[in-house]
Amino acid sequence: MALKAGIIGLPNVGKSTLFNAITKKNILAANYPFATIDPNVGVVSVPDQRLEVLNDMYMPERLIATQYEFIDIAGLVKGASTGEGLGNKFLSNIREVDAIVEVVRCFENKDIIHVEGSIDPKRDIEIVNYELILSDLEIVESRILKIEKKATTTNDKEALFEVATLKKAKEMLDKGQMLRLVSFDEKEEKLLKNFNLITNKPFIYLANVSEDDILSGTNKYVDVVREIASSEKASVVLMCAKIESELAELDIESKREFLRDLGIEHSGLDELIHITYHMLGLETFFTVGKDEVRAWTFKTGMKAPECAGIIHTDFEKGFIKAEVMSYDDLIKYGSELKVKEAGKARLEGKEYLMQDGDICYFRFNVTK
């Protein structure tokens, strides 16, 4: 399951530079080359040092990391919800993503003209978010108009519940509220997910800063973004798109050396991926062998058969047992055999809740 994030923002905030860096990024699996699904979709591997260790241990023919898809949307402009710029075409492209990455310009450069004439993160965020709210409002109002009369006439409980939930959402959107900041119960939340409302998705603000400011960790514009994000319970990632472009040209070891020289532990892109994983409740399990070592993404709380189904639907249908050992135990004892001798290898059934770092062999049988 590839994680999908939509990159949005005003024109000239650094989105294109960031996306170009993504498209050049060296990924871990040589046999899994960078793919451009569409002109605006880039696929990169999720950085995980455990995968590199497993690669050294098993020396497989193929090493495959789990994936992260970035969907780059053309710069949003004021009035997009009513058709300005790319209008609703822009907005429809980000309805299927798992999270929204809103790039905010936090650097000064007289050679790069700001579409609004000045650097003002608060104003920029308000413009983008307002257009997202208007777009969601259009969908909600259209659905209410379509079903309300019939729901009232038939007195259908489910239809009436849908109308009530949508009216609650409409009231909040009318007030300029992002739906992810509104308290919905579990049933309401489940219904709203069917509409892929943009303002109900997790948000990360990506503050694009200069090379100097990435080293200091802040500037006056970043402070504004952090204040807004704090009020919205959103995350903030600092990134210098220019540095990311340079990093994308390097192999893994050169990249690490470059970051060490700068005094930075992780690249902005790697930090963005890790924060998104945590925010969406995602974890990783592994399958290992001489032919292939591979990482797989799953949602926290998934059981063994569901995770087996991520590999292949037949694995879930015919699930029997999962042979499981933890990555930490494998590293501690040094080999699968020694893990088994220490009594740390387990056979788990259908109710087993998968854990981050599990290494699995799935037993299954499908009768045709």
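Residues numbered from 1 in each chain as written. Predicted model: local features only at pLDDT ≥ 70, side-chain atom pairs only at ≥ 80, totals over all residues. Heavy atoms only, no water.

## Regarding the state of the cysteines
Cysteine pairs can be covalently joined through their sulfur atoms, and such a bond is termed a disulfide. Note the following rule: Disulfides are defined in this document as cysteine sulfur pairs within 2.5 Å. Using a 1.4 Å probe on the protein chains alone, a residue whose accessible area is under 20% of its type maximum counts as buried, one over 50% counts as exposed, and one in between counts as partly exposed.
Scanning the entire structure with this criterion turns up 0 disulfides. With no disulfide of its own, Cys 360 has Cys 307 as its nearest cysteine by sulfur position, at a separation of 7.4 Å. Taking the relative accessible area as the measure of exposure, Cys 360 reaches 2% and is therefore buried.

## Description of unusual backbone geometry
Put simply, the rule reads: A run of H or I in DSSP becomes a helix once it reaches four residues, and a run of E becomes a strand once it reaches two; helices and strands are each numbered from the N terminus.
The backbone of Met 59 sits at a positive phi, close to 50°, despite the residue not being glycine. Within the secondary structure, Met 59 sits in the loop between helix 2 (49-58) and strand 3 (62-64). For Met 59, a relative accessible area of 57% corresponds to the exposed category. Its identity as a non-glycine residue notwithstanding, Asn 155 has a phi of 60°, on the positive side. Counting through the fold element by element, Asn 155 comes out in the loop between helix 4 (121-154) and helix 5 (157-174). The class for Asn 155 is exposed, based on a relative accessible area of 55%.

## Thoughts on the layout of surface pockets
Inclusion rule: Of the grid points, spaced at 1 Å and generated over the protein atoms alone, those admitting a 1.4 Å probe that cannot get out make up cavities, while open sets with protein on both sides within 12 Å along at least five of seven lines make up pockets; any residue with an atom within 4 Å of a point is treated as lining. Grid points are joined across faces, edges and corners, and a volume is the space filled by probe spheres set on the points. Gly counts as polar in this scheme, as do all residues outside two lists: the nonpolar Ala, Val, Leu, Ile, Met, Phe, Trp, Tyr, Cys and Pro, and the charged Asp, Glu, Lys and Arg.
Taken as a whole, the second largest pocket spans an internal volume of roughly 520 Å³. Taken together, 19 residues make up the lining of the second largest pocket; nearest its centre are Asp 98, Lys 193, Asn 200, Pro 202 and Leu 280. No other element matches the 3 residues that helix 6 (residues 186-193) contributes to the lining of the second largest pocket. Looking at side-chain class alone, the lining of the second largest pocket contains 11 nonpolar, 2 polar and 6 charged residues.

## A few points about the packing of aromatic side chains
Definition in use: Stacked, tilted and edge-to-face are the three classes assigned to paired rings of Phe, Tyr and Trp, where Trp is represented by its six-membered ring and a pair needs centres within 6.5 Å; plane angles under 30 degrees give stacked, over 60 edge-to-face, the rest tilted.
According to the stated counting rule, one finds 8 aromatic pairs in the structure shown. For the ring pair Tyr 68 and Phe 70, a centre distance of 4.3 Å and an interplane angle of 15° mean the geometry is stacked. What makes Phe 70 buried here is its relative accessible area of 0%. On the numbers, 6.0 Å between centres and 90° between planes, the contact of Phe 285 with Phe 362 is edge-to-face. With Phe 285 in strand 8 (residues 282-287) and Phe 362 in strand 12 (residues 358-364), the pair connects residues that are 77 residues apart, well separated along the chain. We classify Phe 285 as buried; its relative accessible area is 0%. Clustering of aromatic rings is evident, with ring pairs tying together Phe 285, Trp 296, Phe 298, Phe 319 and Phe 362.

## Some details on the side chain of Arg 105
Threshold: In the analysis that follows, any N or O atom pair within 3.5 Å is treated as a polar contact, provided that within protein one partner can donate a hydrogen and the other can accept it, and provided that, for residues neighboring in sequence, both atoms belong to side chains.
Residue position: Arg 105 is located in strand 5 (residues 99-105). Polar side-chain contacts of Arg 105 include one of 3.1 Å to the backbone oxygen of Phe 107.

## Points about helix 11 (residues 268-279)
Side chains that are three or four residues apart share a direction in an α-helix, a result of its 3.6 residues per turn. Spelled out, the test is: To estimate how far a helix should reach, multiply one less than its number of residues by 1.5 Å.
The end-to-end C-alpha distance of helix 11, which contains 12 residues, comes to 16 Å, matching closely the 16 Å that a straight helix rising 1.5 Å per residue would cover. Of all the positions in helix 11, only Gly 268, Leu 269, Asp 270, Leu 272, Ile 273, Thr 276 and Tyr 277 are classed as buried. Two residues or fewer after helix 11 comes Gly 281, characterised by a positive phi angle close to 70°.

In short, shape yes, function no, at least from these values alone.
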